[in-house]
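# Structural overview
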Amino acid sequence: MSGAEYVDDTILDGRVLINLDSEEENRICLGCAGGYEVKIKFDGSRASVDTASGTFYHIRVFNLMGGHSGVDINKNRGNAIKILGKMLESVSDIILIQSITGGTAINTIPREVSAVVFVENENITRFTDNVSDVFQQENEMHAVVETNLNFTSKVTEVGNTTVYDSELSKNLIIALNMSPSGVLSYSDVLPDEVESSICLSIIGEENNTPYIHFFPRFNTDEQGELTLNQLVDITSAINGATISEKFNAFPGWNPDTSTMILKSLKRSFEKETYYDEPATEYSIHAGLECGLLIGRYPDMQAVSIGPTIENAHTPDEALYVDSVLPFYNVLKETLRDFAEENK
């Protein structure tokens, strides 16, 4: 996506695009969602603690499935950061956060998160009981999908014994629990198709300031603005929280079923004997380079195809080797067919 973002409207002469980045064989993608990134940052201060009066604990939530934050957002997969947020909420009045880090990429559902918190010794039993109880509730809620979900809570030593002060620690926990993450709306026309969503993808710290990093996706600009307004409202309700401008925004791609390249592609799929059924057309709830390029070249025809890939953006990502040759045959035949039809 970042490469296509910097393609200006003077570079390309061609007006036909065959994108090879799709992940479902015998299917033709004709549209995609738009999106942007946004961060909520939290002002506050650090305070020193008396290490003799309390203990530092390292809490880790891990082994979730993860997945693509658009394509997999409707599959009821757990979000490690949201789960930890609920655990911390149950002890928000007796902990101070020393650090919290989770999520690895903006376009993935976070599968792991960890935090170091300080607990006064007199509150240790309550702390350990509460986080364990809430985790068990979350584990039961996600048991059908997240069969390997796990957590640990261990005493740890830290080099930096300063922590977020009480107000900052509580505000961060409040924000984690107020923030949406998941499907926001489904299409009225295609009930199973996600229309808008948001993923709470990353939590971390920049310049000693904690932040939460979001990735909204949407079919229309209006839906994108509604999501942004929701985040603005959350920010306004929390002292010391500020929201960034949108960045890394990309447009959606509206399907066009009348293009010449689509007709050539469908003829090519029909000739490929590997497939038992006609190719189907769809729109994907994810960003594709097509949206960016068509935004700069409005008269460009575009389609997107690919071999079958499952569990993209996770350690379990897999390419189905048997799907590669039929895909390659269709691509070759499409190039031949389109050239012949447009001499």
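Okay, so let's go over this structure. Here the structure is a predicted model, which is why all the values come from computation and not from measurement.

This part covers the side chain of Gln98. Take Gln98: it is sitting in strand β6 (residues 95-102). Within polar-contact distance, the side chain of Gln98 engages the backbone oxygen of Asn160 at 3.0 Å. Residues contacting Gln98, with those up to four places away along its chain left out, are Arg46, Phe56, Val116, Val117, Val158, Asn160, Thr162 and Val163.

Time to look at empty space enclosed by the protein. Evaluated as defined, the whole model comprises one cavity of 30 Å³ or more. Taken together, Glu25, Asn26, Arg27, Phe269, Tyr275, Ile305, Gly306, Phe327 and Val330 form the lining of the largest cavity.

Mapped onto the fold, Thr227 is located in helix α5 (residues 221-236). Aside from chain neighbours lying at most four places away, what touches Thr227 is Tyr36, Leu184, Ile198 and Pro216.

On inspection of all chains with the given rule, the structure shows 16 salt bridges. In this structure, Arg267 engages Asp337 in a salt bridge whose closest nitrogen and oxygen atoms are separated by 2.7 Å. One end of the pair, Arg267, is in helix α6 (residues 260-271); the other, Asp337, is in helix α8 (residues 324-341), and 70 residues separate them in sequence. When its relative accessible area of 6% is taken as the criterion, Asp337 is described as buried.

It is worth spelling out unusual backbone geometry at this point. The backbone phi angle of Asn63 is positive, close to 70°, even though this residue is not glycine. Within the secondary structure, Asn63 sits in the loop between β5 (54-62) and α2 (80-89). Among the residues examined, Asn63 registers a relative accessible area of 38% and is labelled partly exposed. Here Asn208, not a glycine, exhibits a phi torsion of approximately 65°, which is positive. The residue Asn208 is located in the loop between β11 (194-206) and β12 (209-218) in this model. Taking the relative accessible area as the measure of exposure, Asn208 reaches 60% and is therefore exposed.

So, about the nonpolar core. Looking at soluble globular proteins, one finds that nonpolar side chains tend to be buried together. In terms of nonpolar packing, the biggest core is built from 47 residues, with Val61, Met87, Ile100, Val117 and Phe127 touching the most fellow members. The residues touching Phe127, leaving out its near neighbours within four places in the chain, are Tyr57, Ile59, Val91, Ile94, Ile95, Val117, Val119 and Ser153. With 20 residues, the next largest nonpolar core counts Phe215, Tyr282, Ile284 and Leu292 among its residues.

About the thresholds
Residues numbered from 1 in each chain as written. Predicted model: local features only at pLDDT ≥ 70, side-chain atom pairs only at ≥ 80, totals over all residues. Heavy atoms only, no water. Helix = DSSP H or I, 4+ residues; strand = E, 2+ residues; numbered from the N terminus. Polar contact = N/O pair within 3.5 Å; in protein donor to acceptor, adjacent residues only side chain to side chain. Contact = heavy atoms within 4.5 Å. 1 Å grid on protein atoms, 1.4 Å probe; cavity = no way out; pocket = protein on both sides within 12 Å on 5 of 7 lines; lining within 4 Å. Points joined across faces, edges and corners; volume = space filled by probe spheres on them. Salt bridge = Lys/Arg side-chain N within 4 Å of Asp/Glu carboxyl O. Buried < 20%, exposed > 50% of the residue type's maximum accessible area, 1.4 Å probe, protein only. Core = buried A, V, L, I, M, F, W, Y, C linked by side-chain atoms within 4.5 Å.

Remember that the coordinates give geometry; whether it matters functionally is a separate question.
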